[in-house]
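# Examination of the molecular architecture
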Amino acid sequence: MSAPLPSGVGAAANEATQRALRQTEVVAALSALLPAHALLWHAEDTVPYECDGLTAYREQPLVVVLPETEAQVAAVLRECHRLNVPVVARGAGTGLSGGALPIRLGVTLSLAKFNKITRLDPVSRTAVVQCGVRNLAISEAAAPYGLYYAPDPSSQIACTIGGNVAENSGGVHCLKYGLTLHNVLRVRGFTVSGEPVDFGSEALDCAGLDLMTILVGSEGMLAVTLEVTVKLVPKPQLARCIMASFDDIRKAGDAVANVIAAGIIPAGLEMMDKPMTAAVEDYVHAGYDLNAAAILLCESDGTPEEVAEEIGRMEAVLGSSGATRIEVSQNEAQRLKFWSGRKNAFPATGRLSPDYMCMDSTIPRSRLADILLAIGEMEKKYGLRCANVFHAGDGNLHPLIMFDANDADQLHRCELFGADILERSVEMGGTVSGEHGVGVEKLSAMCVQFSATEREQMLSLKRAFDPKELLNPGKAIPSLARCAEYGKMHVRRGLLPFADISRF
């Protein structure tokens, strides 16, 4: 007589069996649609797809497909829809909120092979690109015509335009030139059932409903993007950058608000605190002031006359706001050097800690100092370090919480730290995400910002595109049960009295 299995072992074995059976079924179905090299299902082959830039959470997909034609994409979607198999579209995997985290019993649809610029028109200042084209590659192709693509996320050397559309990515110059939404004219792709779908238009207006604002930033939950028509803008004749040092965080935060209040819209307005400044200076030697409590990078671009006038106005505002040091780039090399530190903030932090979690929320510009001081208190509370970099001009925070993912307790404290930042941002009049998206990282935090009615409206919109909820399911729209659990967690942490759970 055999001994009984330990508790949980039988369930795990049954789950593994069910997964194997499902995998066999899906592989057999998709093998008829794709060449052998475009279909991965062995564990060692799917490991590279187990997470995106948020490495704290991992899951191996059932199958990874790498289609090479639009017809193959449509066929895969139709077959998965028939089999009721979830699908997660994936670009370069540089996202930072777990938006491309695979579904354990689902298919990961890699679109990396759609990497061609199909048309570049310098007269209309547009480019038609496939979803897997790198952000920076668009500007490189447009450079001979004196044009470039304005949105410039820090990952632009690697991130793809399809991912930018999914997350409505911004970058250091989004204050003046806008986010992805403001720089995209048309998006073409497929619904989850493999039906062709077209958003926007290359004309000044489009026929029917304009659903572009719904698609951009929808985190791959409404449609699979395959082709994007983007706007190109002329490269400015000149750009100069001010590096301003402050001996007090509040003075630096107030300076940001003062610049905008003066009617100045810089091409870029970024802020870094002292820990971040030290990290990037040791990494790229950008010439940052290591004694400053915070530094601001303020850029002006345009004609030489425009730049000279705007730089003068910004110097005056920064000086009257308490800047202890103001340095203006004297040439293009020095300007790029100033920005090299900001652009390398994430890899620089990676040298200081085994892991870090990059948060992303927004607050009113007037509360920059308040949130920085609050984060300083949270460092003590959770026993973890945090370096901060901001798209200060539009109040978009990027606190980088450092931890060791091999230590379960550190990961737990990091999650609580991040949740605190998001909640405090909402309390200050902000939002739980600026440009990284909700993904799995901020799913529970949606309960803080949005009511049950609002969340149901969001889910209704998704169902209009995806009735079976098979496209990137379980992300960005938290369930009632999850929000209830989030409320209980707040009570356990002493952040809410029991009576307040009802609001979740």
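Residues numbered from 1 in each chain as written. Predicted model: local features only at pLDDT ≥ 70, side-chain atom pairs only at ≥ 80, totals over all residues. Heavy atoms only, no water.

## What to know about the overall build of the protein
Rules: Per the convention used, a helix needs a DSSP run of H or I reaching at least four residues, while a strand needs a run of E reaching at least two, with both numbered from the N terminus. The atom set for the radius of gyration is the C-alpha atoms, and the globule formula is 2.2 Å times the number of residues raised to the power 0.38. Classification of residues uses two cut-offs on accessible area relative to the type maximum, computed with a 1.4 Å probe and protein chains only: under 20% is buried, over 50% is exposed, and between them is partly exposed. In this analysis, two residues are considered to be in contact whenever any of their non-hydrogen atoms come within 4.5 Å of each other. The protein chains shown are the only cover counted for residues, whose accessible areas, like all others here, come from Shrake-Rupley with a 1.4 Å probe.
When helices and strands are counted, the protein shows 17 helices and 19 strands. For the protein, whose C-alpha radius of gyration is 24 Å, the value lies close to the compact-globule estimate of 23 Å for 504 residues. With respect to the three principal axes, the spread of C-alpha positions in the protein is 80 × 60 × 40 Å. Residues classed as buried in the protein amount to 53% of the 504 residues present. Within the protein, contacts between residues at least 6 apart in sequence are counted, and of these 71% link residues at least 24 apart. In the structure as shown, the protein presents an accessible area of about 20,800 Å², 55% of it carried by carbon and sulfur atoms.

## Here we look at the packing of helix α8 (residues 249-261) against helix α13 (residues 368-382)
Stated formally: The convention used is that axes are lines fitted to C-alpha atoms, helices contributing only their stretch in contact, and that angles between N-to-C directions extend from 0 to 180 degrees. Handedness of a helix crossing follows the sense of rotation of the near helix relative to the far helix, less than a right angle counterclockwise being left-handed and clockwise being right-handed. Ten residue types, Ala, Val, Leu, Ile, Met, Phe, Trp, Tyr, Cys and Pro, are classed as nonpolar, four, Asp, Glu, Lys and Arg, as charged, and the remainder, Gly among them, as polar.
Following both chains from N to C, one finds α8 and α13 inclined at 145°, their axes separated by 7 Å at the closest point. Two packed elements cross with a definite hand, and for α8 against α13 that hand is right-handed. Of the residues in α13, those in contact with Ile249, Arg250, Gly253 and Val256 of α8 are Leu368, Ala369, Asp370, Leu372 and Leu373. Split by residue class, the contact of α8 with α13 holds 6 nonpolar, 1 polar and 2 charged.

## A closer look at the layout of surface pockets
Threshold: Residues are called lining when one of their atoms sits within 4 Å of a cavity or pocket point, these points coming from a 1 Å grid over the protein atoms alone, where a cavity is a set in which a 1.4 Å probe fits but cannot get out and a pocket is an open set with protein on both sides within 12 Å along at least five of seven lines. Grid points are joined across faces, edges and corners, and a volume is the space filled by probe spheres set on the points.
Taken as a whole, the second largest pocket holds about 750 Å³ of empty space. Together, 27 residues line the second largest pocket, and Asp152, Gln156, His173, Arg335 and Leu336 are the ones closest to its centre. Listed by contribution, the elements that provide at least two residues to the lining of the second largest pocket are α4 (135-142), β7 (147-148), β12 (238-246), β14 (294-302) and α11 (332-343). Looking at the lining of the second largest pocket, the element that brings in the most residues is α11, giving 5 residues. Split by residue class, the lining of the second largest pocket holds 13 nonpolar, 6 polar and 8 charged.

## Thoughts on the sheet that holds strand β8 (residues 184-190)
Formally: Strand pairing is assigned whenever DSSP identifies at least 2 bridges connecting the two strands.
As summarised here, the arrangement of the 5 strands in space is β5-β6-β10-β8-β9, forming an open sheet in which the pairing is antiparallel. In the strand order of this sheet, the two ends are held by β5 (117-121) and β9 (196-200), each with one partner. Adjacent strand axes in the sheet meet at a mean angle of 10°, parallel and antiparallel pairs treated alike. Pairing of strand β6 (residues 126-130) with strand β10 (residues 224-231) involves 5 bridges; the strand directions are antiparallel.

## Quick word on the side chain of Thr362
Assignment of secondary structure puts Thr362 in strand β17 (residues 361-362). According to the relative accessible area criterion, Thr362 is buried, its value standing at 16%. Not counting the four nearest positions on each side in its chain, Thr362 is found in contact with Gly395, Asn396, Ser425, Gly430, Thr431, Ser433 and Gly434.

## Here's the deal with the nonpolar core
Heads up, the condition is: Buried Ala, Val, Leu, Ile, Met, Phe, Trp, Tyr and Cys residues that are joined via side-chain atoms within 4.5 Å together make up what is termed a nonpolar core.
Met271, Leu318 and Phe417 are the most contacted members of the largest nonpolar core, which totals 54 residues. Residues in contact with Phe417, not counting those within four places in the same chain, are Ile375, Met378, Glu379, Tyr382, Leu384, Cys386 and Ile401. With 29 residues, the next largest nonpolar core counts Val27, Val76, Val107 and Leu109 among its residues.

## Focus on the environment of Ile311
Along the chain, Ile311 falls in helix α10 (residues 304-320). Along the backbone, Ile311 and Asp301 are 10 residues apart, and their C-alpha atoms lie at a distance of 9.3 Å. Those residues within four positions of Ile311 in sequence are excluded, and the remaining contacts are Arg240, Ile242, Ser300 and Val328.

## Focus: α4
In an α-helix there are 3.6 residues to a turn, and that puts residues three or four apart on one side. Residues of α4 that are buried: Asn135, Ala137, Ile138, Ser139 and Ala142. Residues of α4 that are buried sit in contact with β5, β6, β7, α5 (161-167) and β10.

## What to know about the pattern of salt bridges
Side chains that carry opposite charge are capable of pairing whenever their charged atoms lie near each other. Inclusion rule: Salt bridges are defined as contacts in which a side-chain nitrogen from Lys or Arg sits within 4 Å of a carboxyl oxygen from Asp or Glu.
A full pass over the atoms with the stated rule returns 32 salt bridges. The residue Glu15 makes a salt bridge to Arg104 at a minimum N-O spacing of 3.1 Å. Taken together, the residues span a long stretch of sequence, with Glu15 in helix α1 (residues 9-31) and Arg104 in the loop between β3 (87-90) and β4 (107-110) at a distance of 89 residues. A residue is classified by how much of its surface remains accessible, and Glu15, at 44% relative accessible area, is partly exposed. According to the relative accessible area criterion, Arg104 is partly exposed, its value standing at 32%. With a shortest N-O distance of 3.2 Å, Glu227 and Arg188 are connected by a salt bridge. One end of the pair, Glu227, is in strand β10; the other, Arg188, is in strand β8, and 39 residues separate them in sequence. Judged by its relative accessible area of 22%, Arg188 falls in the partly exposed class. By sharing partners, the salt bridges in this structure join Arg119, Arg186, Asp198 and Glu202 into a single network.

## Description of empty space enclosed by the protein
To find leftover empty space, one rolls a probe the size of a water molecule over the atoms. In the structure shown here, the tally under the stated rule is 1 cavity of 30 Å³ or more. Around the largest cavity, the lining residues are Val172, Cys174, Leu175, Leu269, Glu270, His391, Gly393 and Asp394. At the level of secondary structure, the elements contributing two or more residues to the lining of the largest cavity comprise α6 (174-177) and β13 (268-273). When the residues that make up the lining of the largest cavity are grouped by side-chain class, the tally is 4 nonpolar, 2 polar and 2 charged.

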